Amino acid sequence: MNILVLNTGSSSLKFQIIRTDLEMIEKGEDEMLAKGLIERIGSQALISYQVVGKGQYKSASPIKDHKQALNHCLAWIVDPNTGIPGIEGIEDIHAVGHRTVHGGEQFTSSVRIDDAVIKSIEDNIDLAPLHNPPNLKGIYAAREVFGPKVPQVAVFDTAFHSTMPELSFLYAIPYQLYRRFKIRKYGFHGTSHRYIGYRYRKLENLSRDKVNIISMHLGNGASACAIKNGKSMDTSMGMSPLDGLMMGTRCGDLDPQVVEFIAHKENSTLEEVLQLLNKRSGLLGISGLTHDLRDLELEWNEYKDRRAKLAIDMFAARVRKYIGAYMAEMGGADAVCFTAGIGENSAMIRREACEGLEFLGIKLDDKLNNEMIGGKEGLISAKDSKVKVYVIPTNEELILARDTCRVVLNAPLP
Ligand code: ADP
């Protein structure tokens, strides 16, 4: 089965074509055939496509909306000159899987998209005003372009965290607010944390219920997840992705009183303060330079910029704090797993985040830590570390493709 996996942002569309079926899933033999990205939809868009094992195709062209972007991708995908093995026409795409950010409380696993599902995702716009509308644009576009014959599946970022117990997901505000408006922690990056749990159990040869790990997804957006007996027990993002760890431009944990204080002092509206906390805080806010950790490391290594280092240290300290908190919450964990852009590439953040945690049984091997970059997967803890530390490159698209395949075939979802 060839699955088109779509991830649509407000002005971007990312895709992969993944070949999978139930047997391939079982054997771990499913494979990505091609991928692409269109950025800056709505103006002169930047386009890059690649068939696995071949060179990248890059171009720029005006693209007005997500439907036009999808048609642009499809024209490339089915072009005989592109040469994706097994794909000669649009009929060779058997299903579409959509990354969907917020499933609210309704969606605890992936679902086939129909009018009722679309209506529910629309109803959740309230909860995810920045994320669900662009996801919906992808869904509307794909339904129009493919028609009703090609099944479409929504895979929710929040679904993996639906196993959190009440005492993790409730905020300590009047319970009526949860009852009336569903104000609670939902968590995000669920597809990534789920993949990390899956890879960990493959690497360790364990059954799902034996997975007791802390998954650290550290990218521009960052979240921690306490996975106990294979299920999400707690996570650091909240009702929105603003909460928890420090991020590229988001503040993470914050005293809510600060919101009112900034609004008062700066004479700004609530929206303006939230914009500041979402877009001008985190690594960018502290360094005053950039949200990009790689550049901050460069600023520190080359120019000894004090605030670049402060931003790096704060980021790592917050990660360390969550490791400690989740260790306590879980009653100990067997491993800490780092993933996403920073987790997969920054030996410096991983070293700092694990520093001083020997008392918890966490000890890194410096050489392994320094080597485990650029998409490598493996252990970075010392032989005598009680808790294993892994770097595991995430692969959300694979989970999306597998769930899409299972839903379409009515196979049980994990
Ligand atoms: P997202 O998907 O949330 O946009 P990514 O997972 O792509 O984010 O992570 C982006 C972050 O990873 C950036 O801060 C970037 O600087 C960092 N990063 C990527 N490569 C490296 C590297 N080699 N060294 C340090 N940081 C890196």
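In this report, the structure presented in the accompanying data block is examined. All values reported here derive from a predicted model rather than from experimental measurement.

1. A word on the nonpolar core
If you look at the biggest cluster of nonpolar residues, it comprises 43 residues, and the most contacted ones within it are Met 216, Leu 218 and Phe 338. Considering each element in turn, this core owes the most residues, 11 residues, to helix α12 (residues 306-330). The contact partners of Met 216, leaving out residues within four places of it in the chain, are Ser 223, Ala 224, Leu 245, Val 319, Tyr 322, Ile 323, Val 336, Cys 337, Phe 338 and Thr 339. Ranked by size, the runner-up nonpolar core spans 28 residues in total, among them Leu 6, Leu 13, Ala 45 and Trp 76.

2. Brief notes about the site of the ligand
Neighbouring the ligand are Gly 219, Asn 220, Gly 221, His 291, Asp 292, Leu 293, Arg 294, Ala 340, Gly 341, Ile 342 and Asn 345. Here an oxygen atom of the ligand and a backbone polar atom of Gly 221 are 3.3 Å apart. Between an oxygen atom of the ligand and a side-chain N or O atom of Asp 292, the distance comes to 2.3 Å. With the chains in place, 69% of the 580 Å² that the ligand exposes on its own is no longer accessible. Counting only elements with at least two residues in the shell around the ligand, the list comes to α11 (293-303) and α13 (340-345). The element contributing the most residues to the shell around the ligand is α13, with four residues. Considering only residue class, the shell around the ligand consists of three nonpolar, six polar and two charged.

Thresholds applied
Residues numbered from 1 in each chain as written. Predicted model: local features only at pLDDT ≥ 70, side-chain atom pairs only at ≥ 80, totals over all residues. Heavy atoms only, no water. Core = buried A, V, L, I, M, F, W, Y, C linked by side-chain atoms within 4.5 Å. Buried < 20%, exposed > 50% of the residue type's maximum accessible area, 1.4 Å probe, protein only. Helix = DSSP H or I, 4+ residues; strand = E, 2+ residues; numbered from the N terminus. Contact = heavy atoms within 4.5 Å. Near = heavy atom within 4 Å. Polar contact = N/O pair within 3.5 Å; in protein donor to acceptor, adjacent residues only side chain to side chain. Areas by Shrake-Rupley, 256 points an atom, 1.4 Å probe, with all protein chains shown as cover. Nonpolar A, V, L, I, M, F, W, Y, C, P; charged D, E, K, R; others polar.

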